[in-house]
Amino acid sequence: MIPALPDPTTLASAVSVRDRLALAQALNLLDDRRPAARQCAAAFLDALPVERLDAGGHLIGITGPPGAGKSSLTAALIQVWRRRGLKVAILAVDPSSPISGGALLGDRLRMHASGADREVFIRSLACRGEFGGLSAEVWPMSLAMLAAFDIVLVETVGVGQKEIDVSKMTDTTCFVAQPASGDSIQFLKAGIMEIPHVIVVNKEDIGMAARKTLSELKTTLGRRTDLDGWQAPALSASAALGSGIDTLADALDSHRNWLLERGQFTTRRQRCQAEWLVKHLREEFGRYGINRLGGEDALFAELTNAPRRSPIAAYEDLRTRVIPNP
Amino acid sequence: MTTPIKRDKPWLMRTYSGHSSAKASNELYRTNLSKGQTGLSVAFDLPTQTGYDSDHPLARGEVGKVGVPIGHIGDMETLFDQIPLGQMNTSMTINATAAWLLALYVAAAERQGASPAQLQGTTQNDILKEYLSRGTYIFPPQPSVRLITDIIAYTVKSIPKWNPTNICSYHLQEAGATPTQELAYALSTAIAILDAVRDSGQIGAEGFEQVVGRISFFVNAGIRFIEETCKMRAFGEMWDKLTQERYGVQSEDMRRFRYGVQVNSLGLTEAQPENNVQRIVLEMLGVSLSKRARARAIQLPAWNEALGLPRPWDQQWALRMQQVLTFETDLLEYGDIFDGSPVIAAKVKALVDGATEEMARVQEQGGMVQAIESGYVKRQLVTSHTERMRAIEHGSLKIIGLNCYTETEQSPLTGGVDSGIMKVDPRAEREQIERLNAFRAQRNHAEVKAALANLAETARSGANIMPASILCAHAGVTTGEWSQTLRDIFGEYRAPTGIDIPANDDSRGAKAVSIRTAVIKTSEELGRPLRLLIGKPGLDGHSNGAEQIAVKGRDVGFEIVYEGIRLTPEQIAKAALEEGVHLIGLSVLSGSHVEMVEDVFNQLSQVGLKNLPVVIGGIIPESDAKLLKERGISAVYTPKDIDMNGIMVDILNLIRKAHDLQPVTVA
């Protein structure tokens, strides 16, 4: 039998009390492309507790070039958060094969050594050629996880702007720089890459090269801030030695507090959703779709001022406006 | 009157063996010695190899299965009861816990009244290859290299006749390595280890020549026995040059390439298993024909290894093969019969050139440790093995009875009451745990505590680990306690899986395309991409099968969750839930499949997934396959299932069946 669709309201209440099986089913549902499932998913998202989606938890993006040590850094962060009593969900995005569409997903144990803690939940996602690094399902899935967990961390591979789009769909973005590689610094200098909220040089245990990269990053960042006025700290850490991880967790947390103090937290979440909607539209219809809806700036203004609703329902509305008679 | 012909001394003849308990293995060893075996080769069970006591949750189902459980000095004394260690030559296949098992061996010998200086034998102690094949590593590469180094430094001074490390190309071939890769990676490992010994400062310049002289190798011999002969000659030439040029070893004797052999298991078949006998004999020729490149010690697998565990009679047959070659034939009466052959010389040169190139690539990356950590070497091996599997599937690599000449009469060899294999007594695990508890109860706890504190202090300080380990052995420390102390200090490691290799031409072939189309169609019917979890539960590290299925699955469009070896059933169930997979594929080669499946099913129903289809692959006897299916396993795959595309279609249809969809046929 084709999997029966769950009752969205029951599923949403089970997810909000952190029923693990329910969360797994919810993520499956958000991955389901059948029209009936899309409707069910929209209803499910609408039934999640609003205060969690608007202001609950902390949605963090972590990105950086392959080999920078994102997974091991994530593993170390999980330990710190668990020690602080926080419950952690991870969305790990891996590239899929350009030939087969198949994918190899296998970072779970590198991120979570013991692999048995029930307060840690990891879902891997293949990016399936969409969004150049960030799978289309990431935003809705992040919301489902935020309804149940204190920290939701999205891990993506990448170094250029395309991949760092993760930053636009999270509260706080952390960029992991590879020691002794000038790439990230060049990207920052050239303005190819927007400034993340926290930059960390991993592998400080290797010594000189890591210190040099850190000081170059600090110089490059100077006193630059992001659009909100936040000045990104550059830190160093070692996942291998476990050093600098508490400081990193603190830095991520201070960005959240900074947003909260300024009353920008919920606004940012809304902007995340607007970014996702626009990106999704562009992916499906190209510039044509955006222009049909009045161009990017107008669309952003409209979306950030619109009343809160589930991303799937909002997207379906936009779609029907692009193609009025499907 | 004719003068007696002068014959060379035969090599050491051993049989890799051990099972159930120290007592049962001791009886087996004494029988084997009485049949003319001239050395011992100890097989340890997986908990002993990975540093767990028999009552650890991870040891469940594995105790006494692929070897003997040795938990403490009492077990070691029982293992060698009535076998004088001062005169024996013992090879121990032990790696991550080599320092501990050697410490127990030394302590047991001391209790027999023998001094360490008298002992002869070998500890495999090549932890680097464990990251690439076999998988019984525990610690990260750096502390592992330190342990290898400590054993070398200790034995060179205190057990001068011991071979402290057997650098293994054997397992690389089992993981798919070509002869060139075997040469390159084994010699690169030797460089990593010798550099570490030199840099450790434990051995002075004059002692270093001794160290080089004590390094031995453990090599594989495949069915292409001419090429294998050439590989062995290439090893000899390259080692001579390497030790002279890189380490300045003056003495020709110390530069000699010394090696032992276990012939190939990868090519042994489950189909028509009697053919394995001629395979084993031919493979033995590859390492014995050329006098200049002849093995110092040979152990042969049993004909029925692909079916299950060999019985004493099967092992006797393997020993008799060696005895016929050495005592009946005229092999040992001649000098080297290949010297001067231009054909052989050309082949040797080609192998040397290829291996030299690959070694340079490894050195460019910073050496063998770095090339392992980055996943480079493992990817090379997975790629080679994928090529091999593909050649078998296509029939361009012929394997008699498997992919050609498959018609056969019923074999009388596998028809007996035991189906031609040995079954480990299911009571073995419980009895071993009872003995362990009894042993723990009678030791001096203060002494144990002090010995472990001393071990921890030694591990932290960087001093040689051996003397502290021997103290632990005498004090009654257990295998689990020794290992846990070091786990706490060194940490644990997960090696790269190496499956992230580019897709090969097969994935663009017509068959793969049609499977992919069917996979996508089913994904659309079910609403989302099809996901498989490939899980290796238990302590067994033989991952070829799991890796090949993972790569193939990706190439036909599945999303694959694979995380390497040594997962607990709990981790498997947790991953199945969190990842929302449609099917689980398990791989178990240690013989513990029945227990593992039971545990996985229990865990799955605990997380609410008891209806998820589960398939299993491994060395699984017919009778067990039936049992597993009764318990709810959807399909069982064994080494005779070589049609990878067929397996993929099977898996697809199992997923369809679980959702009440009609099966698809793929042209």
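Residues numbered from 1 in each chain as written. Chains lettered and ligands numbered in written order. Predicted model: local features only at pLDDT ≥ 70, side-chain atom pairs only at ≥ 80, totals over all residues. Heavy atoms only, no water.

> For the pairing of strand S5 (residues 151-157) of chain A, give the residues involved together with the corresponding values.
All names here are of chain A. Across the 7 residues that make up S5, a large majority, 6, are buried. Where strand S1 (residues 58-64) lies against S5, 7 bridges are found, and the strand directions are parallel. The residue of S5 that forms the bridge with Gly64 is Val157. Across 5 bridges, strand S2 (residues 88-94) lies against S5 in parallel orientation. Pairing of Ala89 across the sheet is with Val152, part of S5. (Buried < 20%, exposed > 50% of the residue type's maximum accessible area, 1.4 Å probe, protein only. Helix = DSSP H or I, 4+ residues; strand = E, 2+ residues; numbered from the N terminus. Pairing = 2+ DSSP bridges.)

> Outline the packing of aromatic side chains, listing residues and values.
By the definition in use, this model includes 19 aromatic pairs over all chains. Geometrically, the ring pair formed by Tyr137 of chain B and Tyr493 of chain B is edge-to-face, given 6.2 Å between the ring centres and 70° between the ring planes. In this pair, Tyr137 of chain B is assigned in the loop between strand S5 (120-123) and helix H5 (141-158) and Tyr493 of chain B in the loop between helix H18 (479-490) and helix H19 (510-526), connecting sequence segments 356 residues apart. An aromatic cluster of three or more residues is present, and its members are Phe217, Phe235, Trp239, Phe257 and Tyr259 of chain B. Looking at Arg256 of chain A, its charged tip hangs above the ring of Phe265 of chain A, at a distance of 5.6 Å from the centre. (Phe/Tyr/Trp six-rings, centres within 6.5 Å; stacked < 30°, edge-to-face > 60°. Lys NZ or Arg CZ within 6 Å of the ring centre and 35° of its normal.)

> Which residues make up the sheet that holds strand S4 (residues 120-126) of chain A, and what are the values?
Residues and elements named next belong to chain A. Taken in spatial order, the 7 strands of this open sheet run S4-S2-S5-S1-S6-S7-S8, and their pairing is parallel. A single partner strand is all that each edge strand has here, and the edge strands are S4 and strand S8 (234-236). The mean angle between the axes of side-by-side strands here comes to 20°, regardless of whether they run parallel or antiparallel. Here 4 bridges tie strand S6 (residues 172-177) to strand S7 (residues 198-201), and the two strands are oriented parallel to one another. Bridge pairing in S7 places Cys174 opposite Val198. (Axes fitted to C-alpha atoms, helices over the stretch in contact; angles between N-to-C directions.)

> Tell me about helix H14 (residues 376-394) of chain B, and name the residues and values.
All names here are of chain B. Under the 1.5 Å per step criterion, the end-to-end length of H14 is 27 Å for 19 residues, consistent within 8% with the ideal 27 Å. Within the sequence span of H14, burial applies to Tyr376, Val377, Lys378, Leu381, Val382, Ser384, His385, Thr386, Met389, Arg390, Ala391 and Ile392. In this structure, the buried residues of H14 make contact with helix H6 (170-174), helix H7 (179-200), helix H12 (342-364), helix H13 (368-373) and helix H20 (544-555). Phi turns positive, to about 85°, at Gly395, one or two residues after H14. (Expected span 1.5 Å × (residues − 1). Contact = heavy atoms within 4.5 Å.)

> An account of empty space enclosed by the protein is needed here, citing residue identities and associated values.
Across all of its chains, the model carries 3 cavities of 30 Å³ or more by this definition. By volume, the largest cavity amounts to about 140 Å³. The class makeup of the residues in the lining of the largest cavity is 7 nonpolar, 6 polar and 6 charged. Taken domain by domain, the makeup of the lining of the largest cavity includes at least three residues from each of domain 1 (12-394) and domain 3 (505-658) of chain B. Of the voids in this model, the second largest cavity is the one considered here, and its volume is about 90 Å³. Lining the second largest cavity are Arg108, Leu109, His112, Gly115 and Ile122 of chain A together with Glu563, Leu567, Gln571, Lys574, Ala575 and Glu578 of chain B. Every element with two or more residues in the lining of the second largest cavity is listed here: helix H6 (108-111) of chain A together with helix H21 (569-579) of chain B. (1 Å grid on protein atoms, 1.4 Å probe; cavity = no way out; pocket = protein on both sides within 12 Å on 5 of 7 lines; lining within 4 Å. Points joined across faces, edges and corners; volume = space filled by probe spheres on them. Nonpolar A, V, L, I, M, F, W, Y, C, P; charged D, E, K, R; others polar. Domains from an automatic or database assignment.)

> Explain the interface of chain B and chain A to me, and be specific about the residues and the numbers.
Listed as interface residues are 41 residues of chain B and, on the opposing side, 37 residues of chain A. Summed over both sides, the interface of chain B with chain A buries roughly 3,100 Å², with 54% coming from carbon and sulfur. Taken together, the connections running from chain B to chain A amount to 4 salt bridges. A salt bridge links Arg108 of chain A to Glu578 of chain B; the nearest nitrogen and oxygen atoms lie 2.8 Å apart. Our count for the contact surface shared by chain B and chain A stands at 16 residue pairs in polar contact (both at pLDDT 80 or more). Here the element with the most residues in the side of chain B that touches chain A is H21 of chain B; it accounts for 7 residues. Pairing of strand S3 (residues 103-105) of chain A with strand S12 (residues 559-562) of chain B involves 3 bridges; the strand directions are parallel. The residue bridging Leu105 of chain A from the neighbouring strand is Val561 of chain B, located in S12 of chain B. (Buried area = accessible area lost by both parts, 1.4 Å probe. Salt bridge = Lys/Arg side-chain N within 4 Å of Asp/Glu carboxyl O. Polar contact = N/O pair within 3.5 Å; in protein donor to acceptor, adjacent residues only side chain to side chain.)

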